[in-house]
Amino acid sequence: MDDLTDRVRAFAQAREWQQFHTPKNLVMALAGEVGELIAEFQWLTPEEASAVMNDPDAGSRVRAEIGDVMIYLTRLADVLGVDLTEAALTKLDDSARRYPVEQVRGSAAKR
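Throughout what follows, the structure given in this document is the object of discussion. None of the values given here were measured: they were computed from a predicted structure.

1. Concerning a positive patch on the surface
Together, Lys 91, Arg 98, Lys 110 and Arg 111 make up a positively charged patch on the protein surface. Judged by its relative accessible area of 32%, Arg 98 is partly exposed.

Quick look at the structure:
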């Protein structure tokens, strides 16, 4: 994760884009990229969505959009000083407490 963060930071610095990389702008860019990822799945059946990576063209587009999402999320976390791995692990621990296996196995109900 650190290598990706460093590379994304260097990419922005080389282009002098730090001035544009405010948290608000990065969140908006991230939301836009998530929207583009959503668009790749919008009209697919569940079966088509599960097999999307089997189609070379669609799979390539999905991979690119996931890359964009990851880049903007990485940049946002860097600008805000958030360790992405630590944040994800903390959230996963919290979710494990909120959704104990023995109580929620096989259920999509929100708690």
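Once you've had a look at it, read on.
2. Quick look at the environment of Trp 17
By the secondary structure assignment, Trp 17 is in the loop between helix H1 (2-14) and helix H2 (23-41). Setting aside chain neighbours within four positions, we find Trp 17 in contact with Phe 11 and Ala 12.

3. Things to note about a nonpolar patch on the surface
Taken together, the side chains of Met 1, Leu 4 and Met 70 make up a nonpolar region of the molecular surface, amounting to roughly 230 Å² of accessible area. Within the secondary structure, Met 70 is located in helix H4 (residues 56-80). The class of Met 70 is partly exposed, set by a relative accessible area of 34%.

4. A few points about the environment of Pro 100
Along the chain, Pro 100 turns up in the loop between helix H5 (84-98) and helix H6 (101-104). Between the C-alpha atom of Pro 100 and that of Leu 76, which follows or precedes it by 24 residues, the distance is 31 Å.

5. So, a negative patch on the surface
On the surface, a cluster of negative charge is made up of Asp 2, Asp 3, Asp 83 and Glu 86. With respect to the helices, strands and loops of the structure, Asp 83 is situated in the loop between H4 and H5.

6. Considerations on the packing of aromatic side chains
Overall, the coordinates contain one aromatic pair when judged by the stated rule. Here Phe 11 and Trp 17 contribute two aromatic rings whose centre-to-centre distance is 5.7 Å and whose plane-to-plane angle is 70 degrees, an arrangement assigned as edge-to-face. Given the relative accessible area of 43%, Phe 11 is considered partly exposed. According to the relative accessible area criterion, Trp 17 is partly exposed, its value standing at 35%. In this arrangement the basic side chain of Arg 15 is found over the ring face of Phe 11, its NZ or CZ atom lying 3.5 Å from the centre. Looking at Arg 15, its charged tip hangs above the ring of Trp 17, at a distance of 5.9 Å from the centre.

7. What to know about the packing of H2 against H4
For the pair H2 and H4, the least separation of the axes is 9 Å and the interaxial angle reads 160 degrees. As the angle between them shows, H2 and H4 are arranged roughly antiparallel. In this structure, H2 crosses over H4, and the sense of that crossing is left-handed. Residues Pro 23, Leu 26, Val 27, Ala 29, Leu 30, Glu 33, Val 34, Glu 36, Leu 37, Glu 40 and Phe 41 of H2 touch H4, and the partners they reach there are Arg 61, Val 62, Glu 65, Ile 66, Asp 68, Val 69, Tyr 72, Leu 73, Arg 75, Leu 76, Val 79 and Leu 80. For the contact of H2 with H4, the per-class residue count stands at 16 nonpolar, no polar and seven charged.

Criteria and thresholds
- Residues numbered from 1 in each chain as written.
- Predicted model: local features only at pLDDT ≥ 70, side-chain atom pairs only at ≥ 80, totals over all residues.
- Heavy atoms only, no water.
- Patch = residues over 30% accessible without salt bridge, like charges linked within 9 Å, V, L, I, M, F, W, Y side chains within 5 Å.
- Areas by Shrake-Rupley, 256 points an atom, 1.4 Å probe, with all protein chains shown as cover.
- Salt bridge = Lys/Arg side-chain N within 4 Å of Asp/Glu carboxyl O.
- Lys, Arg positive; Asp, Glu negative; His and termini not counted.
- Charge placed at Lys NZ, Arg CZ, Asp CG, Glu CD.
- Buried < 20%, exposed > 50% of the residue type's maximum accessible area, 1.4 Å probe, protein only.
- Helix = DSSP H or I, 4+ residues; strand = E, 2+ residues; numbered from the N terminus.
- Contact = heavy atoms within 4.5 Å.
- Phe/Tyr/Trp six-rings, centres within 6.5 Å; stacked < 30°, edge-to-face > 60°.
- Lys NZ or Arg CZ within 6 Å of the ring centre and 35° of its normal.
- Axes fitted to C-alpha atoms, helices over the stretch in contact; angles between N-to-C directions.
- Parallel < 35°, antiparallel > 145°, perpendicular 65-115°, else oblique.
- Left-handed = near helix turned anticlockwise from the far one by under 90°.
- Nonpolar A, V, L, I, M, F, W, Y, C, P; charged D, E, K, R; others polar.

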